[in-house]
Amino acid sequence: MRYPGRVVKVGETDARIVKALKTALNKALVLRGSEAIVLEPDNPAFGPQMKQAVKLFQARHLDEQGQPLKTDGEVGSLTWAALFGPADVPQHVQPHDPLLVTVLAVAGSQADAGVREQPRNSNRGPEVDDYLRRAGMQPGVAWCCAFTYWCFDEASRQTGQANPMFKTAGCLHHWQNAPGQGARRLLARDAVADPGRVQPGAIFIMDFGGGLGHTGLVERIEGGYIHTIEGNTDASQGREGGGVYRLQRKLASINKGFIDYAGV
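Structure report, in brief. Keep in mind it's a predicted model, so treat the numbers as computed, not measured.

Analysis parameters
- Residues numbered from 1 in each chain as written.
- Predicted model: local features only at pLDDT ≥ 70, side-chain atom pairs only at ≥ 80, totals over all residues.
- Heavy atoms only, no water.
- Axes fitted to C-alpha atoms, helices over the stretch in contact; angles between N-to-C directions.
- Helix = DSSP H or I, 4+ residues; strand = E, 2+ residues; numbered from the N terminus.
- Parallel < 35°, antiparallel > 145°, perpendicular 65-115°, else oblique.
- Left-handed = near helix turned anticlockwise from the far one by under 90°.
- Contact = heavy atoms within 4.5 Å.
- Nonpolar A, V, L, I, M, F, W, Y, C, P; charged D, E, K, R; others polar.
- Buried < 20%, exposed > 50% of the residue type's maximum accessible area, 1.4 Å probe, protein only.
- Expected span 1.5 Å × (residues − 1).

Some points on the packing of helix α1 (residues 15–29) against helix α3 (residues 77–84)
Thought 1: Running from amino to carboxyl end, α1 crosses α3 at an angle of 60 degrees, the nearest separation of the two axes being 10 Å. The orientation of α1 relative to α3 falls into the category oblique. Crossing geometry of α1 relative to α3 is assigned as left-handed. Along its contact with α1, which presents Ile17, Ala20, Leu21, Ala24, Leu25 and Ala28, the element α3 presents Trp80, Leu83 and Phe84.
Thought 2: Among the residues forming the contact of α1 with α3, the class breakdown is 9 nonpolar, no polar and no charged.

So this is what it looks like as structure tokens:
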């Protein structure tokens, strides 16, 4: 059964969804004795007992990447995939916008080339300096957003069109000003509720407080996970890494939201 595009929790009113979940939970848990939780599929209520069953399922199962599920008693995309299979949650692998196809190709070429800071931990290097200059900054500062801007600018030059991205090297500055360029913003909570709204080629924004942020490009979406191409990071997924990397992140780890320039 397909994920409904929202977190399913206590108070759910769609009897068809509740019945499917209760049937799947009964099959998955198969408990006996004092631990037994037997749900009535024909009862359309998502109540406290069903929430308890969901939490028990979450405590005993892993997501499709082998990571623990959050035991909150709510059925988001990761729990849904664990119950019904990953094919029943959103999977997006290719942008619909031709410019964004080129943006991801440009970004991927930098990841494939293994761009790294030179020297390490310097926010410098031939490619890094170029990213920053293109975004209007002097070399030597954090460059994740400058990398994203550079990818858009290179793609725009290759396709012979104007660069739609707001010119900045600041992640949160970008978040504030992107709508003025015609871009659409998707809040983090709405993306978690419905991963199908996140499209390849979108830009994720993370906010660490104090004006600090991190950003990168979404290459593809697999349910509750996004695959990204990012600058100024590394395998630790930090915001002060040393190169351009392809990474995988939980969608719920993106705490600010997404910017989409498709069609702009």
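Read on, since the account is not over.
Quick word on α3
Thought 1: Extensive coverage of α3 is indicated by the burial of 6 of its 8 residues.
Thought 2: Residues of α3 that are buried: Ser77, Leu78, Thr79, Trp80, Ala81 and Leu83.
Thought 3: Of the surrounding elements, those touching the buried residues of α3 are α1, α2 (48–60), β5 (225–233) and β6 (243–250).
Thought 4: Downstream of α3 by one or two residues, glycine 85 has phi in the positive range, about 110 degrees.

Some details on α2
Thought 1: In this model, α2 (13 residues) spans 19 Å end to end at C-alpha, consistent with the 18 Å of a helix rising 1.5 Å per residue.
Thought 2: Those residues of α2 that are buried lie in contact with α1 and α3.

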